[in-house]
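Remarks on the overall topology
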Amino acid sequence: NDGDWFDEANWQIGVPDTPDAGIGRPLPAFIVNGGIARISNGEAISEYTRIRNDSHVIVDGPTASWTEFSTMTLYNGKLDIFNGASADFERFDIRPDTFAEFNLLSGSRLDSGWTRFGNTSSDARSVIKVDGTGTFWRADSLSLYGNTLLTISNGGSVESVNNIGL
(Lines give C-alpha, C1' and ligand atoms only; values in the text may rest on other atoms or scores of the structure.)
Protein backbone atom coordinates (compact mmCIF):
# COMPACT_ATOMS: atom_id res chain seq x y z
CA ASN A 1 0.00 0.00 0.00
CA ASP A 2 1.28 3.45 -0.91
CA GLY A 3 0.04 5.88 1.72
CA ASP A 4 0.46 9.57 2.38
CA TRP A 5 2.63 10.39 5.42
CA PHE A 6 0.10 13.02 6.45
CA ASP A 7 -2.84 10.56 6.53
CA GLU A 8 -3.53 9.51 10.13
CA ALA A 9 -4.83 6.10 9.02
CA ASN A 10 -1.29 5.08 8.02
CA TRP A 11 0.06 5.33 11.57
CA GLN A 12 -0.35 3.35 14.78
CA ILE A 13 -0.85 6.41 17.01
CA GLY A 14 -1.52 9.15 14.49
CA VAL A 15 0.71 11.20 12.23
CA PRO A 16 4.13 11.68 13.84
CA ASP A 17 4.85 15.18 15.10
CA THR A 18 6.62 16.89 17.95
CA PRO A 19 5.26 16.11 21.42
CA ASP A 20 3.30 18.53 23.55
CA ALA A 21 5.47 20.41 26.03
CA GLY A 22 5.83 18.66 29.36
CA ILE A 23 4.79 15.18 28.22
CA GLY A 24 8.32 13.86 27.82
CA ARG A 25 9.45 11.30 25.29
CA PRO A 26 6.59 10.27 23.01
CA LEU A 27 5.73 6.75 21.99
CA PRO A 28 7.44 5.77 18.75
CA ALA A 29 5.45 6.27 15.56
CA PHE A 30 4.99 3.08 13.52
CA ILE A 31 3.63 2.72 9.99
CA VAL A 32 0.64 0.39 10.14
CA ASN A 33 -0.69 0.33 6.58
CA GLY A 34 1.68 -2.54 5.78
CA GLY A 35 3.46 -0.50 3.18
CA ILE A 36 4.60 2.99 2.38
CA ALA A 37 4.40 6.43 3.95
CA ARG A 38 5.26 8.98 1.25
CA ILE A 39 6.27 12.60 1.74
CA SER A 40 6.01 14.21 -1.69
CA ASN A 41 5.17 17.79 -0.75
CA GLY A 42 5.59 19.75 2.45
CA GLU A 43 7.55 19.19 5.64
CA ALA A 44 7.05 16.17 7.86
CA ILE A 45 8.13 16.72 11.46
CA SER A 46 8.52 13.87 13.92
CA GLU A 47 10.01 13.12 17.31
CA TYR A 48 10.67 9.38 17.43
CA THR A 49 10.02 7.28 14.33
CA ARG A 50 10.67 3.62 13.49
CA ILE A 51 10.46 2.12 10.03
CA ARG A 52 9.96 -1.58 10.67
CA ASN A 53 8.37 -4.83 9.53
CA ASP A 54 9.05 -4.23 5.82
CA SER A 55 7.57 -0.73 5.92
CA HIS A 56 8.98 1.93 3.64
CA VAL A 57 9.25 5.72 3.88
CA ILE A 58 9.77 7.72 0.70
CA VAL A 59 10.76 11.40 0.71
CA ASP A 60 10.38 12.44 -2.92
CA GLY A 61 10.84 15.78 -4.64
CA PRO A 62 12.37 19.21 -4.15
CA THR A 63 9.47 20.47 -2.00
CA ALA A 64 9.54 17.44 0.33
CA SER A 65 11.42 17.39 3.61
CA TRP A 66 11.51 15.48 6.90
CA THR A 67 12.86 16.77 10.21
CA GLU A 68 13.34 14.20 13.00
CA PHE A 69 14.01 15.75 16.40
CA SER A 70 15.03 12.54 18.14
CA THR A 71 15.73 9.09 16.70
CA MET A 72 14.86 7.68 13.28
CA THR A 73 15.37 3.92 13.36
CA LEU A 74 15.33 1.43 10.49
CA TYR A 75 14.24 -1.95 11.80
CA ASN A 76 13.65 -4.35 8.89
CA GLY A 77 12.54 -1.39 6.79
CA LYS A 78 13.52 0.87 3.91
CA LEU A 79 14.08 4.62 3.54
CA ASP A 80 14.41 6.41 0.19
CA ILE A 81 15.20 10.13 -0.13
CA PHE A 82 15.40 11.27 -3.74
CA ASN A 83 14.66 13.83 -6.48
CA GLY A 84 16.10 16.77 -4.56
CA ALA A 85 14.32 16.06 -1.24
CA SER A 86 15.96 16.75 2.11
CA ALA A 87 15.98 15.31 5.61
CA ASP A 88 17.51 16.22 8.96
CA PHE A 89 17.75 13.54 11.69
CA GLU A 90 19.07 14.19 15.20
CA ARG A 91 20.02 10.49 15.39
CA PHE A 92 19.91 7.87 12.63
CA ASP A 93 20.15 4.23 13.61
CA ILE A 94 19.72 0.78 12.18
CA ARG A 95 18.70 -1.75 14.79
CA PRO A 96 21.31 -4.48 15.13
CA ASP A 97 20.69 -7.81 13.44
CA THR A 98 18.00 -6.61 11.04
CA PHE A 99 17.69 -6.05 7.31
CA ALA A 100 17.62 -2.39 6.36
CA GLU A 101 18.03 -0.35 3.21
CA PHE A 102 18.74 3.38 2.89
CA ASN A 103 18.96 5.17 -0.48
CA LEU A 104 19.92 8.84 -0.86
CA LEU A 105 19.60 9.66 -4.56
CA SER A 106 19.24 12.24 -7.33
CA GLY A 107 20.53 15.45 -5.76
CA SER A 108 18.99 14.91 -2.32
CA ARG A 109 20.51 15.82 1.04
CA LEU A 110 20.60 14.27 4.51
CA ASP A 111 22.03 15.92 7.61
CA SER A 112 22.30 13.49 10.51
CA GLY A 113 23.72 13.68 14.00
CA TRP A 114 25.01 10.53 15.65
CA THR A 115 24.61 7.82 13.01
CA ARG A 116 25.12 4.08 13.44
CA PHE A 117 24.56 1.32 10.88
CA GLY A 118 25.61 -2.20 11.57
CA ASN A 119 24.86 -5.79 12.15
CA THR A 120 26.68 -8.41 14.13
CA SER A 121 24.70 -11.32 12.69
CA SER A 122 25.66 -12.93 9.42
CA ASP A 123 21.91 -13.33 8.79
CA ALA A 124 21.34 -9.55 8.68
CA ARG A 125 22.49 -6.83 6.32
CA SER A 126 22.44 -3.05 5.98
CA VAL A 127 22.66 -1.58 2.49
CA ILE A 128 23.31 2.14 1.97
CA LYS A 129 23.48 3.87 -1.41
CA VAL A 130 24.45 7.52 -2.00
CA ASP A 131 24.14 8.19 -5.71
CA GLY A 132 23.88 11.09 -8.13
CA THR A 133 25.38 14.49 -8.78
CA GLY A 134 24.80 16.83 -5.85
CA THR A 135 23.60 14.06 -3.53
CA PHE A 136 25.13 14.78 -0.12
CA TRP A 137 25.05 13.10 3.30
CA ARG A 138 26.59 14.99 6.20
CA ALA A 139 26.84 13.18 9.55
CA ASP A 140 28.18 14.52 12.84
CA SER A 141 29.54 11.04 13.58
CA LEU A 142 29.22 8.01 11.33
CA SER A 143 29.79 4.39 12.41
CA LEU A 144 29.46 1.51 9.96
CA TYR A 145 30.19 -2.00 11.17
CA GLY A 146 29.49 -5.66 10.59
CA ASN A 147 27.57 -6.69 7.52
CA THR A 148 27.05 -3.15 6.13
CA LEU A 149 27.56 -2.12 2.52
CA LEU A 150 27.98 1.58 1.65
CA THR A 151 28.10 2.53 -2.04
CA ILE A 152 28.92 6.12 -3.07
CA SER A 153 28.64 6.69 -6.82
CA ASN A 154 28.01 9.07 -9.72
CA GLY A 155 28.89 12.29 -7.91
CA GLY A 156 27.33 11.47 -4.54
CA SER A 157 29.32 12.33 -1.40
CA VAL A 158 29.44 11.53 2.31
CA GLU A 159 31.07 13.67 5.00
CA SER A 160 31.48 12.96 8.71
CA VAL A 161 32.32 16.01 10.80
CA ASN A 162 33.82 14.20 13.80
CA ASN A 163 34.76 10.72 12.68
CA ILE A 164 33.97 7.75 10.50
CA GLY A 165 34.15 4.40 12.27
CA LEU A 166 34.47 1.32 10.09
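Notes on the structure in this doc start here. (Residues numbered from 1 in each chain as written. Predicted model: local features only at pLDDT ≥ 70, side-chain atom pairs only at ≥ 80, totals over all residues. Heavy atoms only, no water.)

**Quick word on the pairing of strand β4 (residues 42–52)**
Within a regular strand, side chains alternate between the sheet's two faces. Here two bridges tie strand β2 (residues 29–30) to β4, and the two strands are oriented parallel to one another. When the sheet's bridge partners are listed, Phe30 is paired in β4 with Arg50. (Pairing = 2+ DSSP bridges. Helix = DSSP H or I, 4+ residues; strand = E, 2+ residues; numbered from the N terminus.)

**With respect to the side chain of Thr73**
Topologically, Thr73 is positioned in strand β6 (residues 64–75). Residue class for Thr73 comes out buried when judged on its relative accessible area of 4%. (Buried < 20%, exposed > 50% of the residue type's maximum accessible area, 1.4 Å probe, protein only.)

**Here's the deal with the packing of aromatic side chains**
Each aromatic ring pair is described using two quantities: the centre-to-centre distance and the angle formed by the ring planes. Counting across every chain of the model gives nine aromatic pairs. Each ring, one from Phe102 and one from Trp137, has its centre 5.4 Å from the other, and the planes form 80°; the classification is edge-to-face. Of this pair, Phe102 sits in strand β9 (residues 99–105) while Trp137 sits in strand β12 (residues 136–146); the two residues are 35 residues apart in sequence, bridging distant segments of the chain. Of the two residues, Phe102 and Trp137, neither departs from the other in class, the shared state being buried. Clustering of aromatic rings is evident, with ring pairs tying together Trp5, Trp66, Phe89, Phe92, Phe102, Phe117 and Trp137. (Phe/Tyr/Trp six-rings, centres within 6.5 Å; stacked < 30°, edge-to-face > 60°.)

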